[in-house]
Each structure stands twice: as structure tokens, then as C-alpha cells.
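Structural description and commentary
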Amino acid sequence: MAKVFLICGKICCGKSVYAERLRAQNDAVVLSVDDIMLTLFGQYAGEKHDEYVERIQAYLFEKSLEIVAAGASVILDWGFWTGEKRRRAREFYKSKNVECELHYIDASDEVWKERIGKRNRMVSSGESTAYYLDDNLMAKFLSKYEAPGEDEIDVCVPVHPTEIGR
């Protein structure tokens, strides 16, 4: 039966890598806000960035229902950084009788910082089109992020130092 996977975790913790693995295991479709934002606006969407993200997320919630109705599972790869966003996502799918699971990507601060350094080097060298994480973006993220409580997590995925390059 098709379901929705909510991928939760810090920026640059390995969510997209995990989402791709989960996609292959479940014959699922990955929906990524970052992919759309970077395709449309590149590294900088300006002062409307947060508004655009909210609008894209609303669109992808609706699109995910179409995909599930067609019989495929969906992976929402966009972090679910706050308890409120996680609660609203669960309520949305519950109201539509769609099963959903929250998968939390748990990276230690050490692994997280190493991943950020690697990502920034890859973006700077042109090997990646992901967001470059400068001090301003990191401060914005840290001001918004709320780690999920154990009662919110369906699957906890620890990220080990050996997985930084993946």
C-alpha cells in the first residue's frame, strides 16, 4: 500500500542521500523543495525565499496525494524542521486517510559540520548545485530548527562518520 515518508533532519545531514536509498527500496517518488527552488532561482531567491518555499510545499502536499492515489509511495525530502510543520503534515495525511511515517536523520554535530564543509567545497568547485551554507544561512537554520521528540519519530536513521561522502 502506498504511503508518505516525511524525511526530517538538519540541513545537510544526509536527508537527500537517504531519500534516494528509500526511493529505490520502495519504488517511490521523491519530492524535494530544494530541487525546485534551486532549479527556478539558483542559490539566491531573494527576500521572497521563505514565501516561495511555503508555496512549493503546499503544491507538493497536493501532488503527493495524486501520486499516492496512483499507487506509488512518496518521499517528502524537505526537513520538517519544526514540531508544528511535522504535526501539520501528519494531520494533513491523516485527514486524507494516507499512511505516513517520519524518518529522522540523526547526525551528530561533528558529522554534521563535516558534511557542511564537504558540501560547501563541492558547491564551490561546481561539483554540486546544492545550497552553499554560509554563516547567514546557518544562523537562520539554527534559529528555526527543533529536533523531533522520540514520540514523533517512526524510524531513526543514525548517520555515521563513514557515511559523510555518501
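The rules we used
Residues numbered from 1 in each chain as written. Predicted model: local features only at pLDDT ≥ 70, side-chain atom pairs only at ≥ 80, totals over all residues. Heavy atoms only, no water. Buried < 20%, exposed > 50% of the residue type's maximum accessible area, 1.4 Å probe, protein only. Helix = DSSP H or I, 4+ residues; strand = E, 2+ residues; numbered from the N terminus. Pairing = 2+ DSSP bridges. Axes fitted to C-alpha atoms, helices over the stretch in contact; angles between N-to-C directions. Contact = heavy atoms within 4.5 Å. Salt bridge = Lys/Arg side-chain N within 4 Å of Asp/Glu carboxyl O. 1 Å grid on protein atoms, 1.4 Å probe; cavity = no way out; pocket = protein on both sides within 12 Å on 5 of 7 lines; lining within 4 Å. Points joined across faces, edges and corners; volume = space filled by probe spheres on them. Nonpolar A, V, L, I, M, F, W, Y, C, P; charged D, E, K, R; others polar. Parallel < 35°, antiparallel > 145°, perpendicular 65-115°, else oblique. Left-handed = near helix turned anticlockwise from the far one by under 90°.

Considering the pairing of strand β3 (residues 74-79)
Extensive coverage of β3 is indicated by the burial of six of its six residues. Where strand β1 (residues 4-8) lies against β3, five bridges are found, and the strand directions are parallel. Within the sheet, the bridge partner assigned to F5 lies in β3 and is I75. Pairing of strand β2 (residues 29-31) with β3 involves three bridges; the strand directions are parallel.

Overview of the sheet that holds β3
On the basis of which strands lie adjacent, the open sheet formed by five strands has the order β2-β3-β1-β4-β5 and parallel pairing. Lying at the two open borders of the sheet, with one neighbouring strand each, are β2 and β5 (155-159). Taken over all neighbouring pairs, the strand axes of this sheet differ in orientation by 25 degrees on average, direction set aside. Sheet strands touched by helix α4 (residues 83-95): β1, β3 and β4 (100-107). Its angle to β1, the strand with the most contacts, is close to 180 degrees.

Regarding the pattern of salt bridges
The tally for this structure, following the rule as stated, stands at 14 salt bridges. Across the salt bridge formed by K63 and E66, the nearest N and O atoms sit 3.1 Å from each other. Of this pair, K63 and E66 both sit in helix α3 (residues 49-69), three residues apart, which is roughly one turn of that helix. When its relative accessible area of 25% is taken as the criterion, K63 is described as partly exposed. Salt-bridge contacts for E84 lead to R87; the nearest nitrogen and oxygen are separated by 2.5 Å. Here R87 and E84 lie together in helix α4, a separation of three residues that amounts to about one turn. Residue classification places E84 among the partly exposed residues on the basis of a relative accessible area of 37%. Salt bridges here are not isolated pairs; linked through shared partners, they connect K3, E99 and E101.

A look at the layout of surface pockets
Considered as a void within the structure, the largest pocket measures approximately 1300 Å³ in volume. I11, D34, W81, R119 and Y131 are the residues nearest the centre of the largest pocket, which is lined by 46 residues in total. Those elements that place two or more of their residues in the lining of the largest pocket are α1 (15-26), α2 (33-41), α3, β3, α5 (109-124) and α6 (135-144). Here the lining of the largest pocket is built from residues that sort into 21 nonpolar, 11 polar and 14 charged.

A look at the packing of α2 against α3
Look at α2 against α3: their axes get within 10 Å of each other, and the N-to-C directions meet at 130 degrees. Here α3 runs oblique to α2, going by the angle between their axes. Taken as a pair, α2 and α3 cross one another with a handedness that is right-handed. Contact with α2, carried on its side by V33, I36, M37 and F41, involves H49, Y52, V53, I56, Q57 and L60 of α3 and no other residues of that element. Partitioning the contact of α2 with α3 into residue classes produces eight nonpolar, two polar and no charged.

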